[in-house]
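Commentary on secondary and tertiary structure
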Amino acid sequence: MTEITAPKSPVTTAEFADGIREQLKYGQGVTPEQATPADVYVASSLVVRHYLQDAWFKTQQDMVNGKTKAVGYLSAEFLIGKQLRNALLNAGMLDQFDEAVESLGFDPQTVVDAEYEPALGNGGLGRLAACYVDSLASLGVPAFGYGIQYRYGIFRQEFDSEGRQVEKPEYWLANEEPWGHVDYNRSQKVSFGGTVVEENGRKVWKPAWSVRAVPVDYMVPGYASGRVDTLRLWSARSYDEFDLLTFNKSEYLDAVKPKVEAENISKILYPEDSTPQGKRLRLEQQYFFVAASIQDVIRVFYPGQSNPDLTTLPDKITFQLNDTHPVIGIPELMRVLIDEYGYDWATAWDITTKTFNYTCHTLLPEALEVWPADLIGELLPRHLEIINEINDHFLEELKGKTRDKEKIERMRIVTNEENPKVRMAYLATAGGSHVNGVAELHSQLLKDVTLRDFSDLYPDKFTNVTNGVTPRRFIRLANPRLSNLITEGLGTDKWLSDLEMLKGLEPLAKDDEFVKKFAAVKQANKEDFAAYAKREYGFELDPNTMFNSMIKRLHEYKRQSLKILALIAKYADIKSGKVSVDDVLPRTVIFGAKSAPGYYLAKMTIQLINNVARVVNNDPDIKGKLHVYYPWNYNVRLAQHLIPATDLDEQISQAGKEASGTGNMKFALNGALTVGTLDGANVEIRERVGAENFFLFGMTVDEVDALYAQGYHPAVYYERDPRLKAAIDMVADGTFSNGDRNTYAPLVADWLTKDWFMTLADFTAYCDIQGEIEALYRDPLEWNRKALLNVANSGYFSSDRAIQDYLDKIWHTGPLA
Ligand SMILES: *Cc1c(COP(=O)(O)O)cnc(C)c1O
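As named in an unreviewed UniProt entry, the protein chain is Alpha-1,4 glucan phosphorylase, taken from Bifidobacterium avesanii. For the record of the protein chain, the UniProt heading Sequence similarities (unreviewed entry) holds the text "Belongs to the glycogen phosphorylase family." Within the UniProt record for the protein chain, the comment given under Catalytic activity (unreviewed entry) is "[(1->4)-alpha-D-glucosyl](n) + phosphate = [(1->4)-alpha-D-glucosyl](n-1) + alpha-D-glucose 1-phosphate".

Following this line, the structure appears as structure tokens:
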């Protein structure tokens, strides 16, 4: 007997079908006969919204009336993925949808495929925010995700005939988008520029221009919780819109200009990941969404009150700053409290520091945001004053804590130089209650290195919350076969809201019959992915080879170079006859990665991978033993298809550089084995799944540091390992550029003279462990046993657990009763 705890559908199939017909008729204005799959997609989505509406109202009412503090998750990115199937799952309507759509003569998959993926994030940080709002709702915690509805999200990646990345605009809003409800009646005004004057002894900001922030609301249905939270993404509109009508033609163009400028604020997502660009528009974006969100919170929690008691704000909501992008919210709340509501500095500071918390996502010093004070002064003159005052108060406070003058100088929020800069990470640390890293190792390094002075003087502020991923999207939706097998193995489906229950699968790893079923799931998923890759990309994957994936942003520290060099080395060995092709384990290597458009070496690496794929896949000497594929435009959808089909995943960043990673968690939960370094959450994954079920290689953080200190010379490694020499020589000699030796010269030069992330130093260890990997893979039962043990022991990496940690350690709140 299997226990079923999945939510019960609020509708019958017939009611769902009627709902679709009704929406088609009155919403889309088409008959079922005229309807396209896209029409049915829109109609179905609106039916789902319809059935979520009451739970949404109730969640908001209970939040405003109840005693439970809400969570405001402030994030510049929410990489939410497609909505329809996820909402159907969480609301319990998957079957009713399938049957209703079929009864209308449509194929459910075609209908689901009509949805465009909202491209509102770059990578891990944005996906984390999406997993967290899912878990907040699923745990029944009242919450808002606050961010920006970018008109153009991250670019759509294509490859040209030379294998180079081409960035195309991804206009995901080109068609009707049924999930985001545009609420013009609850817009907020956000202002910029101008001057600060004194009036009656008070500071008054006289801004130069304003934009209208219009909320676009996405429902975030909890899984089986009966709760629906809100993702409120702001869209920038001009206040000139209405006036345009009254202008004559010649004035029209001038009038349009401010409109375009205002709307630019929510037009593009900065295509950067871990390197900030000192761009004015980026600061405008940050202030835009944070200012609108703070006003919104006051509107929601103190409805209709002209003189609210904002000392209660920290009891109503706690703000989590997802990295430094929303940190301008700290001076903004101070400004609102002091200038608009008349609080004194000390009271305002007390409210502010109790309301904010900060998650740091990096260790790369260049990724810690720093803004020129001049720029802040130009765009937000009153905020610059407040920041300077925060800095003064903070330095005073430090004097009471330490006599170390140098330390105090190092901790300045505003630097003491000719063109002062504002360090946003320091502002966040000083202006909030808690600071957390995103994996044990990362949180430790934050304390020891990045924010060391702060952790010395404020040790209690620092804590760790290891990241997690939602099992609803990344197991249940992505991998229905494995989900069914888990439910069969555990005798219940309750694991979907209590993922540590996966531990119950551990004994089944000794049961060969169960392991074979598990292997059959993987095989079927590989066949599915091969069909998908054929359909979407025209690739011919052989599902009887090992599927070896590396999907994540293209960045030097993540070291796609290491993977491609090892692959080239293998190819070189076969070509030179050192290795007989008949002995080679058949392997399909799959890359997925976008590079920031201006990131030269990353883009060259993409070109190299594509050309290695072209050469290797077409070389008859290889006899089909090695295949390389690079499906373009890696996004959540591709992740959902590829992860369940992967045998071996790559988490091979230089130790100390990947804060956590969440891709690693998704793979472990879907029964892939990982080859990885001791970095980020790999450390904790390995601890949990067992060292014998994880392929560890490479230098540790301490070894990396020692090597930097001693002086790193990559050419030494090139000379030392003939495999590495052969691989780099092959890139240099034009094998992958039709004989042109210049194409990859900058990449080769970087490897041999700089190699900041020590790819060459880890190369030998990485190649050596391949023997172990391949030997295990030749024993399918043992391989799958270990893969199953990865699933069984990865329940900790649920975003439900991560959110529970935030609730316990940082937010001090919980579910609505
Ligand atoms: C999970 C995920 C990421 C993060 O991957 P990492 O390997 O942790 O960098 C990035 N992009 C997408 C689409 C994801 O689903």
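Next comes the rest of the account.
1. Looking at helix H25 (residues 682-689)
Side chains three or four residues apart in an α-helix point the same way, a direct result of the helix having 3.6 residues per turn. Looking at H25, one finds that the buried residues are Asn682, Glu684, Ile685 and Val689. Buried residues of H25, viewed axially, fall in a sector of 165°; they line one side. In this fold, the buried residues of H25 make contact with helix H16 (440-450), strand S20 (648-651), helix H24 (663-669), strand S21 (673-676) and helix H31 (780-792). Glycine 690 occupies a position one or two residues after H25 and carries a positive phi of about 100°.

2. As for a negative patch on the surface
A surface patch of negative charge is lined by Asp95, Glu99, Glu102 and Asp107. Turning to its location among the elements, glutamate 102 is positioned in helix H4 (residues 94-103).

3. Brief notes about the pattern of salt bridges
Under the counting rule described, the total for this entry stands at 53 salt bridges. Of the charged contacts, one joins lysine 168 and glutamate 158 as a salt bridge, the two residues approaching to 2.9 Å between their closest N and O atoms. With lysine 168 in strand S4 (residues 165-168) and glutamate 158 in strand S3 (residues 156-159), the pair connects residues that are ten residues apart, well separated along the chain. Lysine 168 gets classed as partly exposed once you look at its relative accessible area, which sits at 31%. The partly exposed category is assigned to glutamate 158, whose relative accessible area is 23%. One salt bridge connects arginine 280 with glutamate 378, and the closest N-O pair in it is separated by 2.6 Å. With arginine 280 in helix H8 (residues 280-301) and glutamate 378 in helix H12 (residues 373-379), this residue pair connects regions lying 98 residues apart in the sequence. The network of salt bridges with shared partners includes Arg156, Glu158, Lys168 and Glu170.

4. Description of the site of the ligand
By nearness alone, 14 residues border the ligand, and Lys552, Lys558, Thr662, Gly663 and Lys666 come closest of all. With respect to the ligand, the backbone of glycine 663 contributes an N or O atom lying 3.0 Å from an oxygen atom. Between the ligand and the protein, one listed contact pairs an oxygen atom with a side-chain N or O atom of lysine 666 at 2.6 Å. Protein coverage of the free-state accessible area of the ligand, which is 390 Å², stands at 95%. For the shell around the ligand, the residue count by class is four nonpolar, six polar and four charged.

5. Here we look at the packing of helix H22 (residues 600-617) against helix H29 (residues 745-753)
In the contact formed by H22 and H29, the axes pass within 9 Å of each other and the chain directions differ by 115°. Overall, the two elements H22 and H29 adopt an arrangement that is roughly perpendicular. Considering how the two elements wind past one another, H22 and H29 form a crossing that is left-handed. In this structure, H22 uses Tyr600, Leu601, Met604, Thr605 and Leu608 to contact H29, whose residues at the interface are Pro746, Leu747, Asp750 and Trp751. Split by residue class, the contact of H22 with H29 holds seven nonpolar, one polar and one charged.

6. Structural notes on the domain arrangement of the protein chain
On domain assignment, one finds that the protein chain holds domain 1 (1-67 + 82-116) and domain 2 (473-713 + 758-802). One C-alpha centre belongs to domain 1, the other to domain 2; they are set 35 Å apart. Tallying the contact residues gives 13 residues for domain 1 and nine residues for domain 2. Of the roughly 960 Å² buried between domain 1 and domain 2, counting both surfaces, carbon and sulfur atoms make up 49%. Ranking the residues of domain 1 by area buried against domain 2 places Glu3, Lys82 and Leu89 at the top, with a combined share of 42%. Here domain 1 is connected to domain 2 by one salt bridge. Arginine 637 is paired through a salt bridge with aspartate 113; the nearest N and O atoms lie 3.9 Å apart. Linking domain 1 with domain 2 are six residue pairs in polar contact (both at pLDDT 80 or more), by the criterion used here. Top element by residues in the side of domain 1 that touches domain 2 is helix H3 (residues 84-91). It accounts for three residues.

7. Observations regarding the nonpolar core
By size, the foremost hydrophobic cluster in this structure holds 256 residues, and its most contacted members are Phe16, Ile20, Phe288, Ile413 and Phe736. Considering each element in turn, this core owes the most residues, twelve residues, to H8. Inspection of this core shows a minimum of three residues originating in each of domain 1 (1-67 + 82-116) and domain 2 (473-713 + 758-802). If near-sequence neighbours (up to four positions away) are discounted, phenylalanine 736 is found in contact with Ile568, Tyr571, Leu608, Asn611, Val612, Arg614, Val615, Met730, Val731 and Tyr744. Among the nonpolar cores identified, the runner-up in size contains 19 residues, and Leu541, Ile590, Tyr629 and Ala639 belong to it.

8. Focus: the environment of tyrosine 184
Locating tyrosine 184 in the fold gives a position in the loop between strand S5 (181-182) and strand S6 (188-192). In this structure the C-alpha to C-alpha distance between tyrosine 184 and glycine 400, which are 216 residues apart in sequence, comes to 49 Å. Every residue in contact with tyrosine 184, bar those within four places of it in the chain, is listed here: Arg212, Val214 and Arg237.

9. Looking at the packing of helix H28 (residues 722-732) against H29
Taken N-terminus to C-terminus, the directions of H28 and H29 make an angle of 150°; their axes are 9 Å apart at the nearest point. The angle between H28 and H29 places the two elements in the roughly antiparallel class. When you trace H28 past H29, the crossing you get is left-handed. Taking contact as the criterion, the partners of Ile728, Val731 and Ala732 in H28 are, on H29, Val748, Trp751 and Leu752. In terms of residue class, the contact of H28 with H29 is built from six nonpolar, no polar and no charged.

10. Focus on the UniProt feature "modified residue: N6-(pyridoxal phosphate)lysine" (unreviewed entry) in the protein chain
According to UniProt, the "modified residue: N6-(pyridoxal phosphate)lysine" (unreviewed entry) feature falls on Lys666. Leave out the neighbours within four places in its chain, and lysine 666 touches Arg127, Val469, Phe474 and Ile643.

11. Quick look at the packing of aromatic side chains
Applying the stated criterion across every chain yields a total of 29 aromatic pairs. Geometrically, the ring pair formed by phenylalanine 394 and phenylalanine 454 is stacked, given 5.9 Å between the ring centres and 10° between the ring planes. You can see phenylalanine 394 sitting in helix H13 (residues 381-399) and its partner phenylalanine 454 sitting in helix H17 (residues 452-457), a full 60 residues away along the chain. For phenylalanine 454, a relative accessible area of 2% corresponds to the buried category. Geometrically, the ring pair formed by phenylalanine 394 and tyrosine 458 is stacked, given 6.2 Å between the ring centres and 20° between the ring planes. Note that phenylalanine 394 is positioned in helix H13 and tyrosine 458 in the loop between H17 and strand S16 (462-464), a separation of 64 residues in sequence.

12. Description of unusual backbone geometry
Look at asparagine 200: it is not a glycine, yet its phi comes out positive at around 50°. Turning to its location among the elements, asparagine 200 is positioned in the loop between strand S7 (195-199) and strand S8 (202-206). Classification of asparagine 200 by relative accessible area gives exposed; the value is 81%. Even without being a glycine, asparagine 633 presents a positive backbone phi close to 60°. Summarising the element assignment, asparagine 633 is placed in the loop between strand S19 (626-629) and helix H23 (636-642).

Parameters and conventions
- Residues numbered from 1 in each chain as written.
- Predicted model: local features only at pLDDT ≥ 70, side-chain atom pairs only at ≥ 80, totals over all residues.
- Heavy atoms only, no water.
- UniProt positions renumbered as here; feature names shortened; annotations may be inferred.
- Buried < 20%, exposed > 50% of the residue type's maximum accessible area, 1.4 Å probe, protein only.
- Helix = DSSP H or I, 4+ residues; strand = E, 2+ residues; numbered from the N terminus.
- Arc of directions from axis to C-beta.
- Contact = heavy atoms within 4.5 Å.
- Patch = residues over 30% accessible without salt bridge, like charges linked within 9 Å, V, L, I, M, F, W, Y side chains within 5 Å.
- Areas by Shrake-Rupley, 256 points an atom, 1.4 Å probe, with all protein chains shown as cover.
- Salt bridge = Lys/Arg side-chain N within 4 Å of Asp/Glu carboxyl O.
- Lys, Arg positive; Asp, Glu negative; His and termini not counted.
- Charge placed at Lys NZ, Arg CZ, Asp CG, Glu CD.
- Near = heavy atom within 4 Å.
- Polar contact = N/O pair within 3.5 Å; in protein donor to acceptor, adjacent residues only side chain to side chain.
- Nonpolar A, V, L, I, M, F, W, Y, C, P; charged D, E, K, R; others polar.
- Axes fitted to C-alpha atoms, helices over the stretch in contact; angles between N-to-C directions.
- Parallel < 35°, antiparallel > 145°, perpendicular 65-115°, else oblique.
- Left-handed = near helix turned anticlockwise from the far one by under 90°.
- Domains from an automatic or database assignment.
- Buried area = accessible area lost by both parts, 1.4 Å probe.
- Core = buried A, V, L, I, M, F, W, Y, C linked by side-chain atoms within 4.5 Å.
- Phe/Tyr/Trp six-rings, centres within 6.5 Å; stacked < 30°, edge-to-face > 60°.

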